[in-house]
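Summary of structural features
The lines below spell out each chain.
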Amino acid sequence: MRVIVDERERDSGIPSILKSKGVRVVYELLEVGDYVLSSKVAFERKTLPDFIASIFDGRLFKQIKSLKEHYEKPVLLLEGDITRIGEFTTKTKAVLGAMSAVSLGFEVPILYSCDKEQSAEHIYII
């Protein structure tokens, strides 16, 4: 199994975990997505604080739109405890609305993970 990993994900810990599972990790500076599993499947990974920041700085929907345009099976991998949204912003409704827009509006599934180990497991299983 081979996964193409965005160079900016190198220090996330996920590539090391994937390597320990026997996955061949290839680093590239990706224009779209963070983890490319095939010509059809790619993941955009966001930690909860980054997800929230990307909503308010305008990155999120551009990234999701691009992911959907380039891959038949795009996935948003959201890493962190979503019950802690209020620790990062007072605009909880906006965050929940963005999650709804991604999954229902863009029709991009959101997979949730509690930490980098579970994120790596999602990638490995798919």
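We now turn to the structure provided with this report. No experiment lies behind these values; they were computed from the predicted model shown. Residue numbers restart at each chain and count upward from 1, following the sequence in its written direction. With the structure being a predicted model, the display of local features is reserved for residues of pLDDT at least 70 and the display and counting of side-chain atom pairs for 80 or more, all residues being used for whole-chain, interface and lining totals. In computing side-chain values, all of the structure's heavy atoms are included and hydrogens and water are not.

**Some thoughts on the overall build of the protein chain**
The test is simple: Where helices and strands are cited, they refer to DSSP runs of H or I of at least four residues and of E of at least two residues respectively, numbered from the N terminus. Radius of gyration here is computed from C-alpha atoms only, and the compact-globule reference equals 2.2 Å multiplied by the residue count raised to the power 0.38. Whether a residue is buried, partly exposed or exposed follows from its accessible area with a 1.4 Å probe, protein chains only, as a fraction of its type maximum: under 20%, in between, or over 50%, in that order. In what follows, a contact means two residues having at least one pair of non-hydrogen atoms within 4.5 Å. The charged-residue count follows a simple rule in which Lys and Arg add positive charge and Asp and Glu add negative charge, with His and chain termini not counted at all. Charge placement uses NZ in Lys and CZ in Arg. For Asp and Glu, CG and CD serve respectively.
Tallying secondary structure elements over the protein chain gives 5 helices and 6 strands in all. Taking 14 Å as the expected radius of gyration for a compact globule of 126 residues, we find that the protein chain reaches 14 Å, a close match to that expectation. Taking the principal axes of the C-alpha coordinates as reference, the protein chain spans close to 40 × 30 × 20 Å. Evaluated residue by residue, the protein chain yields a buried proportion of 44% over its 126 residues. Across the protein chain, every contact between residues at least 6 apart in sequence was considered, and the portion connecting residues at least 24 apart equals 65%. The positive charge centre, built from 18 side chains, and the negative charge centre, built from 19, are 2 Å apart in the protein chain.

**So, the sheet that holds strand β2 (residues 24-28)**
Note on sheets: strands pair through backbone hydrogen bonds, and any given pair is parallel or antiparallel. Basically, it comes down to this: Strands are labelled as partners when DSSP assigns at least two bridges between them. Working convention: axes come from line fits to C-alpha atoms, limited for helices to the stretch in contact. Angles between N-to-C directions cover 0 to 180 degrees.
Spatial ordering of the open sheet is given by β2-β1-β3-β4-β5-β6, a layout of 6 strands whose pairing is mixed. On the outer flanks of this sheet lie β2 and β6 (110-113), each paired with one strand and no other. Note: strand β1 (residues 2-6) against β2, 5 bridges, orientation parallel. From the neighbouring strand, Arg 2 faces β2, where its bridge partner is Arg 24. Across the sheet, helix α4 (residues 92-105) lies against β5 (73-79) and β6, angled at about 130 degrees from β6, the strand it touches most. Against the sheet, helix α5 (residues 116-125) makes contact with β1, β3 (35-36), β4 (41-47), β5 and β6, and its axis sits at roughly 140 degrees relative to β6, the strand it touches most.

**Notes on α5**
To keep it simple, the criterion reads: Here the arc refers to the directions that run from the helix axis out to each C-beta atom.
Those residues of α5 lying buried are Ser 119, Ala 120 and Ile 123. Down the axis of α5, the sector holding all buried residues measures 100 degrees, keeping them to one side. Buried-residue contacts for α5 involve β1, α1 (14-20), β3, β4, β5 and β6.

**Re the pattern of salt bridges**
Stated formally: Definition used for salt bridges: Asp or Glu carboxyl oxygen within 4 Å of a side-chain nitrogen of Lys or Arg.
Within this structure, the stated rule accounts for 11 salt bridges. Here Glu 121 makes a salt bridge to Lys 21, at a shortest N to O gap of 2.6 Å. One end of the pair, Glu 121, is in helix α5; the other, Lys 21, is in the loop between α1 and β2, and 100 residues separate them in sequence. The class of Glu 121 is partly exposed, set by a relative accessible area of 30%. Close ionic contact of Asp 50 with Arg 59 constitutes a salt bridge, the shortest N to O distance being 3.0 Å. Here the salt bridges do not stand alone but share partners, grouping Glu 44, Lys 46, Asp 50, Asp 57 and Arg 59 into one network.

**Quick word on the packing of helix α3 (residues 59-70) against α4**
Angle between the axes and distance between the axes are the two parameters that describe a pair of packed helices. Applied cut-off: The scheme is simple: roughly parallel for angles under 35 degrees, roughly antiparallel for over 145, roughly perpendicular for 65 to 115, oblique for anything else. Here the term charged refers only to Asp, Glu, Lys and Arg, the term nonpolar to Ala, Val, Leu, Ile, Met, Phe, Trp, Tyr, Cys and Pro, and the term polar to all other amino acids, Gly among them.
Viewed as axis vectors pointing N to C, α3 and α4 meet at an angle of 10 degrees, and their least axial separation amounts to 11 Å. Overall, the two elements α3 and α4 adopt an arrangement that is roughly parallel. Residues Leu 60, Phe 61 and Ile 64 of α3 form the contact with α4, whose participating residues are Ala 98, Ala 101 and Val 102. Classifying every residue of the contact of α3 with α4 by side-chain character gives 6 nonpolar, no polar and no charged.

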